[in-house]
Amino acid sequence: MVVEILGAVLLAGGVWLASSVRVVKQYERGLIYRFGRVRARVREPGLAVLVPFADRLQKVNMQIVTMPIPAQDGITRDNVTVRVDAVVYFKVIDPVVAAVNVQDYRSAVGQVAQTSLRSIIGKSDLDDLLSNRERLNEGLELMIDSPALDWGIHIDRVEIKDVALPEAMKRSMSRQAEAERERRARVISADGELQASHKLAQAAATMADTPSALQLRLLETVVQVSSEKNSTLVLPFPVELLRFLDAQTPRVPAPSPQPEAKPEVNGHATPSPRSPGDAVLPSAD
C-alpha cells in the first residue's frame, strides 16, 4: 500500500515537473503569462519553472531576421517606370513590447517596408536609384525604423537589391553612355593636339635660333624613311629655298606686240592706223 502511494506521488510529481519546466534557448527570451497577464520579468536562457495551470510561456526570438521586400513597381520623380526590390534586417530589442503591442511584428515590418520602398521610389530620381543607393538606404532605414521603435523592433540595415528598367530606357542609357564616351575621346584627342602644338612651337623656335638643327632634323627624317627599305626616297624640299631662288631670278621683259597687216581691199593694202607722231609722205601720183 505504501509503495503504491509513493508511486502515485512520484508520478504526480513527474507530471507536475514536466508541465512546469521549460527550456529557453540561448537566442530566445521567455515571456510568462500568468492568468493572461504578462510578467514584467523576462526569463533568460536556461530552465524556466512555471506554475502549472496558471502560467503560459511564450518564446521570442532575439536573432537578426533577414526579410526580403517583394519587388515594388513605381514611378520616379523624373517619370520613369522602375521595379525595385530590397532586403531589410531587423531584430527584437524589447520582447515584451514586441509581443504585446503588435499582433505579428514580422508581418507589420514587412508591410511598412513595402510602403516605405514605394514612397522612396516616388521621391527619388532615376540617377539616384542607380548611383546613390547609400543615401537612399539610409532614408529607407529611417522611414521603417520610425514606427518599428514603438513595436520593440530595431531596424539594423536596409539594402536596395536591384532596379529593373524598361528595355527602351536601357537602350536610351546605352546610347547616352556611348555619346559620352565619344565626347571624352574627342576632348582627349583635342587636348593632345594642343599639347603637341605647344611642343612643336617650342621646337620650331629652337630650330629658328639654330639653323643647323633643321638640317639635322632633315637628315634624321631621311634615315627614318630609308630604314623602311623602300625603293623610292622622298626628300622634303624647303619652300623658303624656292622663294629665294624665285626672287633672285632676273625677269626678261616681254616683247611688245607688232601691228598686224590689214587685208587688201580692191588690190590695195589697207594702211595701218597712224599715230599722231607719224610723218605723212606725198603720194607718187
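See the structure printed just above.
Each value, and the rule that gives it
- Residues numbered from 1 in each chain as written.
- Predicted model: local features only at pLDDT ≥ 70, side-chain atom pairs only at ≥ 80, totals over all residues.
- Heavy atoms only, no water.
- Pairing = 2+ DSSP bridges.
- Helix = DSSP H or I, 4+ residues; strand = E, 2+ residues; numbered from the N terminus.
- Axes fitted to C-alpha atoms, helices over the stretch in contact; angles between N-to-C directions.
- Contact = heavy atoms within 4.5 Å.
- Parallel < 35°, antiparallel > 145°, perpendicular 65-115°, else oblique.
- Left-handed = near helix turned anticlockwise from the far one by under 90°.
- Nonpolar A, V, L, I, M, F, W, Y, C, P; charged D, E, K, R; others polar.

What follows deals with the sheet that holds strand β6 (residues 65-75). If you walk across this open sheet you meet the three strands as β6-β7-β8, and the pairing is antiparallel. Among the strands making up the open sheet, the edge pair consists of β6 and β8 (153-164). Across this sheet, the average inter-strand angle for adjacent strands is 25°, counted without regard to direction. As paired elements, β6 and strand β7 (residues 81-92) share nine bridges and run antiparallel to each other. Bridging from a neighbouring strand, Gly74 pairs with Val82 of β7. Its contacts with the sheet put helix α3 (residues 105-123) on β6, β7 and β8, and the angle it makes with β6 is roughly 35°.

Here we come to the packing of α3 against helix α5 (residues 133-148). Where α3 contacts α5, the axes come no closer than 9 Å and their chain directions differ by 140°. By the angle class used here, α3 and α5 are oblique. By crossing handedness, the relation of α3 to α5 is classed as right-handed. Of α5, the residues touching α3 (which contributes Val112, Ala113, Ser116, Leu117, Ser119 and Ile120) are Leu136, Leu140, Met143, Ile144 and Pro147. Residue composition of the contact of α3 with α5, by class: nine nonpolar, two polar and no charged.

These figures capture arrangement, not role.
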